[in-house]
Amino acid sequence: MNTPLAELLRCNKWANHTLIDACVDVVDDTLDATIAGISGSARVLLMHLVGGQQTFVLRTQGRQHEGELNRASAWPGFDALLELATRSSDDLIAIAESLDADVDIDLPFAGKTYRYPKSFFLVHAVTHSAEHRMEIKIALAQQGIATPDLDAWLWSESVGYGREV
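Residues numbered from 1 in each chain as written. Predicted model: local features only at pLDDT ≥ 70, side-chain atom pairs only at ≥ 80, totals over all residues. Heavy atoms only, no water.

A.B. asks: Any chance you could explain the overall build of the protein here in plain terms?
C.D. replies: Within the protein, the regular secondary structure consists of 6 helices and 2 strands. If you list the helices and strands of the protein from N to C, you get α-α-α-α-β-β-α-α. Dimensions of the protein along its principal axes, counting C-alpha atoms only, are 55 × 45 × 25 Å. A buried classification covers 47% of the 165 residues belonging to the protein. Taking the contacts inside the protein whose residues are at least 6 apart along the sequence as the reference set, 71% of them involve residues at least 24 apart. Looking at the protein as shown, the accessible area adds up to about 8800 Å², and 55% of this sits on carbon and sulfur atoms. (Helix = DSSP H or I, 4+ residues; strand = E, 2+ residues; numbered from the N terminus. Buried < 20%, exposed > 50% of the residue type's maximum accessible area, 1.4 Å probe, protein only. Contact = heavy atoms within 4.5 Å. Areas by Shrake-Rupley, 256 points an atom, 1.4 Å probe, with all protein chains shown as cover.)

A.B. asks: Is there a simple way to explain the nonpolar core in this structure?
C.D. replies: Proteins that are soluble and globular tend to have nonpolar side chains buried together. One finds Ile 20, Cys 23, Leu 46, Val 50, Phe 78, Leu 81 and Ile 136 to be the most contacted residues of the largest nonpolar core, which totals 26 residues. At the level of elements, helix H1 (3-23), helix H3 (42-59), helix H4 (78-97) and helix H5 (118-141) are the ones that each hand at least two residues to this core. Sequence-distant contacts of Ile 20, defined by excluding residues within four places in its chain, comprise Leu 46, Val 50, Phe 78, Leu 81, Leu 82 and Ala 85. Leu 5, Val 57, Leu 92 and Ala 96 belong to the second-largest nonpolar core, a separate cluster that totals 13 residues. (Core = buried A, V, L, I, M, F, W, Y, C linked by side-chain atoms within 4.5 Å.)

A.B. asks: I keep staring at unusual backbone geometry and nothing clicks. Help me out?
C.D. replies: As a rule of thumb, non-glycine residues mostly have phi less than zero, and peptide bonds are mostly trans rather than cis. Even without glycine at this site, His 65 takes up a positive phi of about 60°. Tracing the backbone shows His 65 in the loop between H3 and H4. Positive phi outside glycine occurs at Ala 110, with the angle close to 50°. By the secondary structure assignment, Ala 110 is in the loop between strand S1 (104-109) and strand S2 (112-117).

A.B. asks: Is there a simple way to explain the side chain of Glu 135 in this structure?
C.D. replies: Residue placement: Glu 135 occurs in helix H5. Despite its burial, Glu 135 pairs with no opposite charge; the closest candidate is Arg 71, at 5.1 Å N-O. A polar contact is formed between the side chain of Glu 135 and the backbone nitrogen of Ser 39, at a distance of 2.8 Å. Not counting chain neighbours up to four residues away, the residues in contact with Glu 135 comprise Gly 37, Ile 38, Ser 39 and Leu 45. (Lys, Arg positive; Asp, Glu negative; His and termini not counted. Salt bridge = Lys/Arg side-chain N within 4 Å of Asp/Glu carboxyl O. Polar contact = N/O pair within 3.5 Å; in protein donor to acceptor, adjacent residues only side chain to side chain.)

A.B. asks: Any chance you could explain the packing of aromatic side chains here in plain terms?
C.D. replies: We describe a pair of aromatic rings using the distance from one ring centre to the other and the angle between the two ring planes. Tallying each qualifying case throughout the model produces 5 aromatic pairs. Plain terms: the ring middles of Trp 75 and Phe 78 are 5.0 Å apart, the flat faces sit at 80° to each other, and that makes the pair edge-to-face. Residue classification places Trp 75 among the partly exposed residues on the basis of a relative accessible area of 28%. In textbook terms, an aromatic cluster arises when at least three aromatic residues are bridged by ring pairs, as seen for Tyr 116, Phe 120 and Phe 121. The aromatic ring of Trp 75 is capped on one face by Arg 43, whose charged end is 4.8 Å from the ring centroid. (Phe/Tyr/Trp six-rings, centres within 6.5 Å; stacked < 30°, edge-to-face > 60°. Lys NZ or Arg CZ within 6 Å of the ring centre and 35° of its normal.)

A.B. asks: Explanation requested: the pairing of S2 in the structure shown.
C.D. replies: Remember that side chains alternate between the two faces of the sheet whenever the strand is regular. Burial runs low along S2: only 0 of the 6 residues are buried. A loop of 2 residues connects S1 with S2, the two strands running antiparallel in sequence, and Ala 110 in this loop sits at a positive phi of about 50°. (Pairing = 2+ DSSP bridges.)

A.B. asks: Looking at this structure, I do not really get the packing of H1 against H4. What am I missing?
C.D. replies: For any two helices packed against each other, the geometry comes down to the angle between their axes and how far apart the axes lie. Orientation of H1 relative to H4, taken along the N-to-C sense of each, is 175°, at an axis distance of 8 Å. The orientation of H1 relative to H4 falls into the category roughly antiparallel. Residues Leu 5, Ala 6, Leu 9, Arg 10, Lys 13, His 17, Ile 20, Asp 21 and Cys 23 of H1 form the contact with H4, whose own contacting residues are Phe 78, Leu 81, Leu 82, Ala 85, Thr 86, Ser 89, Asp 90, Leu 92, Ile 93, Ala 96 and Glu 97. Broken down by class, the residue content of the contact of H1 with H4 amounts to 12 nonpolar, 3 polar and 5 charged. (Axes fitted to C-alpha atoms, helices over the stretch in contact; angles between N-to-C directions. Parallel < 35°, antiparallel > 145°, perpendicular 65-115°, else oblique. Nonpolar A, V, L, I, M, F, W, Y, C, P; charged D, E, K, R; others polar.)

In short, the description is geometric, and any link to function would need to be established separately.
Pasting the structure below:
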């Protein structure tokens, strides 16, 4: 069991949920606004973030592009988005928990096959989410919307870490 990697993915789940929850009451015009230097609107990036997690789960199985959310997907609504974020986060955590030793995954793409360690897809899930969470926060902040602090210190408090001894 890869407990440290699973913990990292639990923190990632918390940060994604916290940001999605913070966006629920944001008006459509703000969610759909494009901001210079940001790779998409907040709404598009939320779908990309969650769809990315779905893709990383599939990639740990040597698969991809099986109907995951993407930037061009129809907006599923916040309830469905949160459900997909929860399911894909839980899947990523379970994969990390089951990873006693790293294994290679062969991933077909464009007529060729590429080999990656399974752990790479879990690490990529975390870094991908962090990058796009920051873009979403910046896009919203540029429009005057307060965004949540997603620092791991807050996650640690929510799970009871850091108690005085």
